[in-house]
Amino acid sequence: MSVTRVSDPDGGDVTYKQVELALWHPDCWTLEVTDELADTHIVEKSLYPTDELVKGDFLLVSDGDVTLDEYTETIDAHRSVESVAVLKQSRERARVVVNYDRDHSIVPDIVNSEFMPVEPVYITGGVEYWTVLVRADRLADVVQSMRAEYDVDLRSVHEADPRDNVEFSDFVDQVSDQLSARQTESMLEAQRVGYYNWPRDVSANAVADELDVSNPTVLEHLRKGEQKVLNLFLDKLSKRKGQYR
């Protein structure tokens, strides 16, 4: 496997590990709320620590009987939470902004450690799941230091491969990175003319005519592109539904 290397100012190469962590720490509203409310999940989209507060943009998901109103009310009632604002809501999901006490957050310690998050943090069942990069030569010391304060479980450790797009936390970026220009063009045109509607408004021939290519050519671009998009999505779905339970 290829290894991510950068030059060290003192000479030599520095290698990085990609690490998946399961974390627990006390007095955290995300952990306590998802532990209290069955089949609830939180995805941290972005966090902005200030001197006293952490301002967070979160996606809330309820797969069970808990309503989103009950979900947000439980968050708002937590002792460390100052306020909750719902930005957008559907039947099972809500995007919210939560302002909460900085002293009840692990984020400052993560930021000040050697860990560099490379994917959104996922919380469910009273556990936080992080994917981070860390210098290989400092991994043991960082984990030991974190375990002195928190419950830390290393779920997987592997060498960061430059062929992996670990730096893309956004699904659209990952898809775009995988698709060729022709595959992207073909799929976007297919969507525009109604090829992906059900039932379909047009056949692949219509997509080919719009792009001025042959039917076999456009079908090849569509099938290969669809396979990449579907596999990426199902990999993420499988990880979320299986690994974190």
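It should be emphasised that the depicted structure is a prediction, and the values quoted were computed from it without experimental measurement.

Novice: In this structure, what is going on with the overall build of the protein chain? I would like to understand it.
Specialist: A count of helices and strands for the protein chain gives 8 helices and 10 strands. Just so you have it, the protein chain exposes about 14,000 Å², and 46% of that area is on carbon and sulfur atoms.

Novice: Teacher, can you tell me more about the nonpolar core here?
Specialist: Inside soluble globular proteins, nonpolar side chains tend to come together where they are buried. Core analysis: the biggest nonpolar cluster contains 37 residues, and Trp29, Phe58, Tyr71, Tyr100 and Phe115 have the highest contact counts within it. Among all residues touching Tyr71, those that are not within four sequence positions of it are Val33, Thr34, Leu37, Thr40, His41, Ile42, Leu60, Val61, Ser62 and Val66. Among the nonpolar cores identified, the runner-up in size contains 13 residues, and Leu179, Ala204, Ala208 and Leu222 belong to it.

Novice: Can you walk me through the pairing of strand E9 (residues 127-135) in this structure?
Specialist: In summary, the side chains of a regular strand alternate between the two faces of the sheet. Extensive coverage of E9 is indicated by the burial of 8 of its 9 residues. Note that strand E2 (residues 13-24) and E9 share 8 bridges and pair antiparallel. Residue pairing in the sheet places Val19 in a bridge with Val132 of E9. Where strand E7 (residues 116-117) and E9 come together, 2 bridges link them in antiparallel fashion. Looking at E9, one finds that Met116 is bridged to Leu133. The loop that links strand E8 (residues 121-124) with its antiparallel partner E9 comprises 2 residues; one of these, Gly125, has a positive phi angle of about 60 degrees.

Novice: So what exactly am I meant to see when it comes to empty space enclosed by the protein here?
Specialist: Empty space among the atoms becomes apparent when a probe as large as a water molecule is rolled across them. By the definition in use, this model includes 1 cavity of 30 Å³ or more. Put simply, the largest cavity is a space of about 60 Å³. Lining the largest cavity, in full, are His25, Cys28, Trp29, Thr30, Glu44, Tyr100, His104, Ser105, Ile106, Val107, Glu128 and Trp130. If you list the elements that add at least two residues to the lining of the largest cavity, you get helix H1 (29-36) and E9. In terms of residue class, the lining of the largest cavity is built from 6 nonpolar, 4 polar and 2 charged.

Novice: Help me out: how do you make sense of the pattern of salt bridges in this one?
Specialist: Two side chains with opposite charge may pair up if their charged atoms get near one another. As enumerated under the stated definition, the model contains 11 salt bridges in all. Residue Asp137 pairs with Arg135 through a salt bridge whose shortest N-O separation is 2.9 Å. Residue Arg192 pairs with Glu210 through a salt bridge whose shortest N-O separation is 3.5 Å. One end of the pair, Arg192, is in helix H6 (residues 181-193); the other, Glu210, is in helix H7 (residues 204-211), with 18 residues separating them in the sequence. Classification of Arg192 by relative accessible area gives exposed; the value is 56%. Three or more residues are tied together by salt bridges with common partners; here these are Asp27, Glu32 and Arg79.

Novice: Would you mind showing me how to read the side chain of Glu128 here?
Specialist: When you line up the elements, Glu128 lands in strand E9. For the buried Glu128, no salt bridge is present, and the opposite-charge side chain at shortest range is Arg79, 12 Å distant. A distance of 3.0 Å separates the side chain of Glu128 from the side chain of His25, its partner in a polar contact. In contact with Glu128, not counting residues within four places along its chain, are Leu21, Ala22, Leu23, His25, Cys28, Thr30, Leu31, Ile106, Val121, Tyr122 and Ile123.

Novice: Could you clarify how one ought to interpret a nonpolar patch on the surface in this entry?
Specialist: Among the surface-exposed residues, Leu230, Phe233, Leu234 and Leu237 lie close enough to one another that they form a single nonpolar patch of about 340 Å² accessible area. You can call Leu234 partly exposed: its relative accessible area is 40%.

Novice: How do you make sense of helix H2 (residues 68-76) when you look at a structure like this?
Specialist: Residues lying three or four places apart along an α-helix face the same way, a consequence of the helix completing one turn every 3.6 residues. Leu68, Tyr71, Thr72, Thr74 and Ile75 are the residues of H2 that are buried. Along the long axis of H2, the arc covered by the buried residues comes to 160 degrees, so they all point the same way.

Novice: Mind showing me how you'd approach unusual backbone geometry here?
Specialist: As a rule of thumb, non-glycine residues mostly have phi less than zero, and peptide bonds are mostly trans rather than cis. In the segment running from Trp198 into Pro199, the intervening peptide bond is cis, with an omega of -5 degrees. Position of Pro199 among the secondary structure elements: in the loop between H6 and H7. Unlike most non-glycine residues, Asp39 shows phi in positive territory, near 60 degrees. Along the chain, Asp39 turns up in the loop between H1 and strand E3 (40-49).

Novice: Which parts of the structure should I look at to understand the packing of aromatic side chains?
Specialist: Between two aromatic rings, the relevant description is the distance of the centres plus the angle of the planes. Considering all chains together, one arrives at 5 aromatic pairs under this definition. Seen in terms of ring centroids, Trp29 and Tyr100 are 5.8 Å apart; in terms of plane orientation they differ by 70 degrees. Their pairing is edge-to-face. Separated by 71 residues along the polypeptide, Trp29 in helix H1 and Tyr100 in strand E6 (residues 93-101) bring together distant segments of the chain. Here Trp29 matches Tyr100 in class, with each residue buried. Summarising the aromatic geometry, the rings of Phe58 and Tyr100 are spaced 6.4 Å apart at their centres and angled 50 degrees between planes, so their arrangement reads as tilted. Of this pair, Phe58 sits in strand E4 (residues 53-62) while Tyr100 sits in strand E6, and the two are 42 residues apart along the sequence. Exposure class is identical for Phe58 and Tyr100. Each is buried.

Calculation rules
Residues numbered from 1 in each chain as written. Predicted model: local features only at pLDDT ≥ 70, side-chain atom pairs only at ≥ 80, totals over all residues. Heavy atoms only, no water. Helix = DSSP H or I, 4+ residues; strand = E, 2+ residues; numbered from the N terminus. Areas by Shrake-Rupley, 256 points an atom, 1.4 Å probe, with all protein chains shown as cover. Core = buried A, V, L, I, M, F, W, Y, C linked by side-chain atoms within 4.5 Å. Buried < 20%, exposed > 50% of the residue type's maximum accessible area, 1.4 Å probe, protein only. Contact = heavy atoms within 4.5 Å. Pairing = 2+ DSSP bridges. 1 Å grid on protein atoms, 1.4 Å probe; cavity = no way out; pocket = protein on both sides within 12 Å on 5 of 7 lines; lining within 4 Å. Points joined across faces, edges and corners; volume = space filled by probe spheres on them. Nonpolar A, V, L, I, M, F, W, Y, C, P; charged D, E, K, R; others polar. Salt bridge = Lys/Arg side-chain N within 4 Å of Asp/Glu carboxyl O. Lys, Arg positive; Asp, Glu negative; His and termini not counted. Polar contact = N/O pair within 3.5 Å; in protein donor to acceptor, adjacent residues only side chain to side chain. Patch = residues over 30% accessible without salt bridge, like charges linked within 9 Å, V, L, I, M, F, W, Y side chains within 5 Å. Arc of directions from axis to C-beta. Phe/Tyr/Trp six-rings, centres within 6.5 Å; stacked < 30°, edge-to-face > 60°.

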